[in-house]
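Chain by chain, the residues run as shown.
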Amino acid sequence: MIAALALALAVAAIEPFSGEPPGAALPSGWRELRIPRVKPAELSLVAEDGVTVLRVRSRAGAGSAAYTLAASAAGTELAWRWKIDRVVDKADLETRAGDDFAARVYVFFDVPVEALPWFDRLKIRVARALHGGDLPTTAICYVWDNRHAPGTSAWSPFTDRVRTIVLESGNARAGGWVEEKRDVAADFREAFGTKTAPRVTGIAAGNDTDQTGESASAWFGDFRLEDRR
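Model, not experiment: these values are computed from the prediction.

Colleague: I'm lost on the nonpolar core in this one. Help?
Modeller: In globular proteins that are soluble, nonpolar side chains generally tend to be buried together. Grouped together as the largest cluster of nonpolar side chains are 41 residues, with contacts concentrated most on L78, W82, Y142, I203, F220 and F223. Excluding anything up to four places from it in sequence, L78 contacts I14, V105, V107, E180, K181, R182, V184, I203, F223, R224 and L225.

Colleague: I would appreciate a short explanation of the pairing of strand β12 (residues 215–220) in the present structure.
Modeller: The two faces of the sheet receive side chains in turn, since in a regular strand these alternate between them. Here β12 lies mainly inside the structure; five of its six residues are buried. Note that strand β5 (residues 76–84) and β12 share three bridges and pair antiparallel. Each bridged residue has a counterpart across the sheet, and for I84 the counterpart in β12 is A218.

Colleague: Looking at this structure, I do not really get the sheet that holds strand β11 (residues 200–208). What am I missing?
Modeller: Pairing between sheet strands relies on hydrogen bonds along the backbone, with the strands arranged either parallel or antiparallel. Judged by pairing direction, the sheet is mixed, and its seven strands sit side by side in the order β1-β4-β11-β6-β7-β9-β8 without closing on themselves. Since the sheet does not close on itself, it has two edges, and those belong to β1 (30–33) and β8 (153–155), each with one partner. Pairwise comparison of adjacent strand axes, ignoring direction, gives a mean angle of 25 degrees for this sheet. In the sheet, strand β6 (residues 101–109) pairs with β11 via seven bridges, with the strands oriented antiparallel. Within β11, the residue paired with F101 across the bridge is D208. Of the strands in this sheet, β6, β7 (138–145), β8, β9 (162–169) and β11 are in contact with helix α3 (residues 184–192), which crosses β7 at around 105 degrees.

Colleague: I keep staring at the packing of aromatic side chains and nothing clicks. Help me out?
Modeller: The relation between two aromatic rings is expressed through the spacing of the ring centres and the mutual angle of the planes. Counting across every chain of the model gives 14 aromatic pairs. Considering the side-chain rings of W30 and F223, the 6.1 Å spacing of their centres and the 50 degrees angle between planes classify their relative orientation as tilted. Here the residue W30 occupies a position in strand β1, and F223 occupies one in the loop between β12 and β13 (224–227), the gap between them amounting to 193 residues. The buried category is assigned to W30, whose relative accessible area is 8%. Among the aromatic side chains, those forming a connected cluster through ring pairs are F17, W30, Y67, W80, W82, Y142, W144, F220 and F223. Lying across the ring of W219, K83 places its NZ or CZ 5.1 Å from the centre. The ring of W155 has R163 lying over it, and the distance from NZ or CZ to the ring centre is 4.6 Å.

Colleague: Please clarify how the side chain of E77 should be interpreted in this entry.
Modeller: By secondary structure assignment, the location of E77 is in strand β5. In this structure, E77 is buried with no salt-bridge partner, the nearest side chain bearing the opposite charge being K181 at 4.3 Å. With residues up to four places along the chain from it excluded, the contact list for E77 reads K181, R182, D183, R224, L225, E226, D227 and R228.

The rules behind the values
- Residues numbered from 1 in each chain as written.
- Predicted model: local features only at pLDDT ≥ 70, side-chain atom pairs only at ≥ 80, totals over all residues.
- Heavy atoms only, no water.
- Core = buried A, V, L, I, M, F, W, Y, C linked by side-chain atoms within 4.5 Å.
- Buried < 20%, exposed > 50% of the residue type's maximum accessible area, 1.4 Å probe, protein only.
- Contact = heavy atoms within 4.5 Å.
- Helix = DSSP H or I, 4+ residues; strand = E, 2+ residues; numbered from the N terminus.
- Pairing = 2+ DSSP bridges.
- Axes fitted to C-alpha atoms, helices over the stretch in contact; angles between N-to-C directions.
- Phe/Tyr/Trp six-rings, centres within 6.5 Å; stacked < 30°, edge-to-face > 60°.
- Lys NZ or Arg CZ within 6 Å of the ring centre and 35° of its normal.
- Lys, Arg positive; Asp, Glu negative; His and termini not counted.
- Salt bridge = Lys/Arg side-chain N within 4 Å of Asp/Glu carboxyl O.

What follows is the structure in structure tokens.
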């Protein structure tokens, strides 16, 4: 029992950015995600107040750093801190042409393709053929929006397998660190109308300005999975 618990905790650990020196490669387990035919964002580890963090700069581009997990969503909170330099002025979370955010954090869930409706299965298989075989089927996307109130949620204009949830909005808190903590299982149940939430299979942190052509920078501190109290 104790050994199993220790293994579960080890699997759920997320390698910290703060353990690396500025200018180093992404920590072990982290990898860069790029979108085909979209200008990649600039990902780098930088020092902020003496602590190494991830910085993502998008100039009419998009990108993120992703980490693979195998963690139970039940009773789990995802905690992190982030900041931005400015919001994406022309963004509009309800349209494809405005689907840009100064900062995004994705949480991916283990929903098998076979469990999806037929048309969703077809779309996922086409997307995987175009963008890669490990494209997740289902996700929650936490964002720093330009104008919608925190708590606003909406389906991605590209797919109803991604639910966008606004955590921060506007420039009032830009330039300063903001702490976040989310009950990912509760967010999944509310978004997808289920009684339980599947395993978390990964996270990704980044931003995008490819639709609007603007520029924005986001910084992310260490991510942690914690027991919900």
